[in-house]
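The chain contents come next:
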Amino acid sequence: MTEDVLSSVDVVVIGTTSGVRAVAEELDSSHAVVFVTDRHNQARVAERAGVPTHRTTFDTGLDPEAISAKTAFVATDRDAVNLLVAQRLRIHGDVETVIIRVNDSDRTAAFDGIATETVTPAEASVQAVQDSLEAL
């Protein structure tokens with residue numbers, strides 16, 4: 001995919017796992033979403049589900065200047081990568097809201113001032129269950 005896919009979307013979902021890909025797929029039903037990943041297998045599955053996808057390497061390949069979105073959800077499996085990506089989005093990207101998944105809750109303080117909101121994997125799971133129950 002080209003960099004154009006990253007501009008003027010509602011939500012950019014950045015992650016590496018099937019759970020994060022599932023978030024992108026769910027959001028895609030009601031928002032303009034792009035799933036950004038460095039995992040070829042996750043990108044293929046998202047593309048088969050019809051979700052626009054951008055493959056990158058997070059350490060050097062993600063060009064935050066190409067991202068224009070209302071919200072970015074940064075949820076890789078490494079907190080150091082989440083911190084780096086969030087900082088780059090804040091400095092160089094055009095993103096109103098940055099939500100970061102913090103994998104180790106002891107590191108939450110490192111994200112203060114960068115993220116609009118932080119969530120832990122447990123909080124994200126609890127919220128997903130609550131949302132599902134409300135939909136019943």
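What you see is a predicted model, and the numbers here were worked out from it, not measured in a lab. (Residues numbered from 1 in each chain as written. Predicted model: local features only at pLDDT ≥ 70, side-chain atom pairs only at ≥ 80, totals over all residues. Heavy atoms only, no water.)

## With respect to the pairing of strand β5 (residues 94–101)
Here is step 1: With six bridges connecting them, strand β4 (residues 68–75) and β5 associate as parallel partners. Bridging across to β5, Thr71 finds its partner in Thr97.
Here is step 2: For the crossover that starts at β4, traverses helix α3 (residues 79–92) and ends in the parallel β5, the hand is right-handed.
Here is step 3: Bridge analysis of β5 against strand β6 (residues 117–119) gives three bridges, and the strand direction is parallel. Counterpart to Arg101 in the pairing with β6 is Val119. (Pairing = 2+ DSSP bridges. Helix = DSSP H or I, 4+ residues; strand = E, 2+ residues; numbered from the N terminus. Right-handed = clockwise from strand over helix to strand, strands pointing away.)

## Describing the environment of Ile67
Here is step 1: Mapped onto the secondary structure, Ile67 falls in the loop between β3 (53–55) and β4.
Here is step 2: By relative accessible area, Ile67 is classed as buried at 1%. (Buried < 20%, exposed > 50% of the residue type's maximum accessible area, 1.4 Å probe, protein only.)

## Examining the environment of Val36
Here is step 1: Residue placement: Val36 occurs in strand β2 (residues 33–37).
Here is step 2: When the C-alpha positions of Val36 and Val20 are compared, they lie 10.0 Å apart, and in sequence the two are 16 residues distant.

## Focus: the nonpolar core
Here is step 1: Core analysis: the biggest nonpolar cluster contains 22 residues, and Ile14, Val85, Leu89 and Ile100 have the highest contact counts within it.
Here is step 2: Those elements that place two or more of their residues in this core are β1 (9–15), β2, β4, α3 and β5.
Here is step 3: Among the elements that take part in this core, α3 stands out by supplying four residues, more than any other.
Here is step 4: Leave out the neighbours within four places in its chain, and Leu89 touches Ile14, Pro64, Ile67, Ala72, Val74 and Val95.
Here is step 5: Core analysis: the next-biggest nonpolar cluster, separate from the first, contains eleven residues, Val11, Val20, Phe73 and Ala75 among them. (Core = buried A, V, L, I, M, F, W, Y, C linked by side-chain atoms within 4.5 Å. Contact = heavy atoms within 4.5 Å.)

## Remarks on the sheet that holds β6
Here is step 1: Read across the open sheet, the six strands follow the order β3-β2-β1-β4-β5-β6; overall the sheet is parallel. The open sheet has two edge strands with one neighbour each: β3 and β6. Direction aside, the axes of adjacent strands within the sheet are offset by 20° on average.
Here is step 2: Seen against the sheet, helix α2 (residues 40–48) touches β2 and β3 and runs at an angle of roughly 165° to β3.
Here is step 3: α3 contacts β1, β4 and β5 of the sheet and is inclined by roughly 165° relative to β5. (Axes fitted to C-alpha atoms, helices over the stretch in contact; angles between N-to-C directions.)

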